[in-house]
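Given next are the chains, with one letter for each unit.
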Amino acid sequence: MASPLVERLRLLRQQLPPAVQLLAVSKGQPAAQIRELYGEGQRSFGENRLQEAQAKQAELQDLPDLDWHFIGRIQANKVRPLLACFSTFHGVDGAALAERISRIALEGGHGPRLYAQVKLLPDPTKTGFDPQELRRLWPQLRTLPALNWLGVMVMPPFGLEAQLLTALFEQACQLGTELGLPGRSMGMSGDWPLAVASGSTLVRIGGGLFGQAQNPDKIPATCD
Ligand SMILES: *Cc1c(COP(=O)(O)O)cnc(C)c1O
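Student: Give a detailed account of the packing of aromatic side chains, specifying residues and quantitative values.
Tutor: Counting across every chain of the model gives 5 aromatic pairs. Where F70 meets F86, the ring centres are 5.1 Å apart and the plane angle is 65°; that geometry is what we call edge-to-face. Of this pair, F70 sits in strand 3 (residues 67-70) while F86 is found in the loop between helix 4 (79-85) and strand 4 (88-92), placing the two residues 16 residues apart along the sequence. For the pair formed by F70 and F86, the shared burial category is buried. Aromatic side chains F86 and F89 sit 6.2 Å apart centroid to centroid with 65° between the ring planes, which places their arrangement in the edge-to-face category. Judged by relative accessible area, F86 falls into the buried class, the value being 4%. Among the residues examined, F89 registers a relative accessible area of 2% and is labelled buried. Put simply, the rings of F70, F86 and F89 touch in pairs and so form one group of aromatic residues. When the ring centre of Y38 is taken as reference, the NZ or CZ atom of R43 above it lies at 3.6 Å. Positioned above the aromatic ring of F158, the side-chain terminus of K126 is 4.3 Å from the ring centre.

Okay, structure coming up:
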């Protein structure tokens, strides 16, 4: 009998259109869970902490074709080690960072795939390109050496209602089209059906795939 984890993977695959890529967000999950999904053919995994990812990559060295995506905030002083560990970056949120990634990737012989994270609504908890700024800078950004731009990534503010979410996803798609990029990294456990209906090409799913967090004691207690 399949484990609950494998059951959830199969169900998600049945629900997702075949053209939409599933990124299994494995942050906070042990390597054994990644190995189990690998056994089912899942290859793309998302992490948001360098050290945690390095530890899992060391444990999973025998799996040759894992595809690691970095979905966290990219710190300028970590770009070099991040490039060594990850093929794809979903949180490229500014021009100076893109230039830095380009320079270090060129030196190191890397060819990272990038999503430009865009901020379409004010949200103090998230970073991202202002859409106007991205349009303005795009002629320079697109020609930076060693970078493979795939598309746009969006993380909506928490608690948006469905109509606003849909509008936001559609705006992200529109911006991607203007930039001439086909990739749309949109949709998480709580909102992926709306994101897919709006044109997502890659959903980033953590809780909805892995179930509850592995270390409930590490989740900050809520205040009453
Ligand atoms: C954690 C995270 C996800 C996955 O969120 P879930 O709600 O657990 O599916 C997706 N994208 C980013 C950038 C994340 O940090």
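Student: How would you sum up the site of the ligand? Please name residues and give values.
Tutor: Neighbouring the ligand are the residues V25, K27, I71, M153, M155, M188, S189, R204, I205, G206 and G207. Taking R204, its side chain carries an N or O atom lying 2.8 Å from a nitrogen atom of the ligand. G207 is positioned with one of its backbone polar atoms (N or O) 2.8 Å from an oxygen atom of the ligand. Starting from 380 Å² of accessible surface for the ligand in isolation, the protein chains cover 82%. Looking at the shell around the ligand, its residues break down into 6 nonpolar, 3 polar and 2 charged.

What counts and how
Residues numbered from 1 in each chain as written. Predicted model: local features only at pLDDT ≥ 70, side-chain atom pairs only at ≥ 80, totals over all residues. Heavy atoms only, no water. Phe/Tyr/Trp six-rings, centres within 6.5 Å; stacked < 30°, edge-to-face > 60°. Helix = DSSP H or I, 4+ residues; strand = E, 2+ residues; numbered from the N terminus. Buried < 20%, exposed > 50% of the residue type's maximum accessible area, 1.4 Å probe, protein only. Lys NZ or Arg CZ within 6 Å of the ring centre and 35° of its normal. Near = heavy atom within 4 Å. Polar contact = N/O pair within 3.5 Å; in protein donor to acceptor, adjacent residues only side chain to side chain. Areas by Shrake-Rupley, 256 points an atom, 1.4 Å probe, with all protein chains shown as cover. Nonpolar A, V, L, I, M, F, W, Y, C, P; charged D, E, K, R; others polar.

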